[in-house]
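# What the coordinates show
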Amino acid sequence: MALMLGSGLSNQSGAAVAALAFPAIGPVGVVAVRQWVAAAVLGAAGRPRLRNFTAAQWRPVLCLALVFAGMNLSLYAAIERIGLGLAVTLEFLGPLTVALAGSRRRADLAAALAAAGAVAVLARPTPTTDYLGIGLALLAAVCWGCYIQCNRTVGARLPGLEGSAAAALVSGALYLPVGAWVLWQHPPTPLALVCAPVAGVLSSAVPFVADLMALRRVPPHFFGVFMSVNPVFAALIGLAVLDQHLDAASWSAVAVIVTANTVVVSTASRPGVRADAATRHGSDRSYCESDPACPAKELSTDAREFLAGPEGRLP
């Protein structure tokens, strides 16, 4: 429980720390640093053999890299405009939609209707409604949904963490010229120099290790249900760190979306619908069996499948 709590809090704290660097280098600069940290973490863990990739393997990897880059940029841009809590809550609609797609269960239909109503509440016209920020958060949700689909293909075509690691490396490389230009045009302040890399570590490295350790101790299904409360963590940390206040209606909408996600995850019976929260990798069931140095070697088969599952997302 402590590991799962630590992973969720670290992930959202990283986003809050990242927001502190926005005034100096903007969301683009912060995302660039985060992508570089993710590339270092996943590159070391996955050790992709890039020279051995075929064209059929490179295509989904490149798609995954582009979606991943767009997902984090749209999310951080949304955080800058509408705050951490609302941005993360709306982003969670992506995996929720994928989980609901094609379902005919009444519980899933009720969850979908509840989530749609909550979005309507969050997007209701008020003097301070930021429709561009809401649109960016919904774009992040679309990217997360697309990421799930890309990750399924990557996981089917490449073993272990190689596909996800390669996508992280490509995404990090894409941000090299962009990040360099942003940092050149907007020299970072001492605060930004600290916050941006710290955000990368808190949002990438710490959750990666914590998730691996947690999945050695708890069933993957329980892990997914627990991680569904991440939007609540985001709202609370946004309040504590960034002084971002939500009104009563917004808090209610966040609670509805969290509940809908929890219901879908906890009642899912289809093999393709697993917990959608904070995991970040793509692989098959047996990728660790032949690699004694694999960080997930000690995980159960189901836990490794969940950690590598189609609903996972990179750091």
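Details of the structure are given in the entry above.
Described below are features of the structure shown in this document.

What counts and how
Residues numbered from 1 in each chain as written. Predicted model: local features only at pLDDT ≥ 70, side-chain atom pairs only at ≥ 80, totals over all residues. Heavy atoms only, no water. Phe/Tyr/Trp six-rings, centres within 6.5 Å; stacked < 30°, edge-to-face > 60°. Helix = DSSP H or I, 4+ residues; strand = E, 2+ residues; numbered from the N terminus. Buried < 20%, exposed > 50% of the residue type's maximum accessible area, 1.4 Å probe, protein only. Core = buried A, V, L, I, M, F, W, Y, C linked by side-chain atoms within 4.5 Å. Contact = heavy atoms within 4.5 Å. Expected span 1.5 Å × (residues − 1).

### A look at the packing of aromatic side chains
Tallying each qualifying case throughout the model produces four aromatic pairs. Aromatic side chains Phe92 and Trp144 sit 5.2 Å apart centroid to centroid with 85° between the ring planes, which places their arrangement in the edge-to-face category. In this pair, Phe92 sits in the loop between helix H4 (84-91) and helix H5 (93-100) while Trp144 sits in helix H7 (residues 131-157), placing the two residues 52 residues apart along the sequence. For the pair Phe92 and Trp144, a shared accessibility class is recorded, and that class is buried.

### Focus: the nonpolar core
Tyr76, Ile79, Leu84, Leu90 and Leu93 are the most contacted members of the largest nonpolar core, which totals 74 residues. Residue contributions to this core peak at 13 residues, all from helix H3 (residues 55-82). With residues up to four places along the chain from it excluded, the contact list for Leu84 reads Gln12, Ala15, Ala16, Ile79, Ala234, Ile237, Gly238 and Gln244. Listed in part, the nine residues of the second largest apolar core include Val37, Ala165, Ala168 and Leu212.

### Focus: the environment of Phe208
Along the chain, Phe208 turns up in helix H9 (residues 190-214). Overall, the relative accessible area of 7% leaves Phe208 in the buried class. For the pair Phe208 and Val41, spaced 167 residues apart in sequence, the C-alpha to C-alpha distance is 8.5 Å.

### Structural notes on helix H6 (residues 106-122)
If you check H6, its first and last C-alpha atoms are 24 Å apart, about what 17 residues at 1.5 Å a residue would give, namely 24 Å. Along its buried surface, H6 packs onto H4, H5, H7 and helix H12 (248-267).

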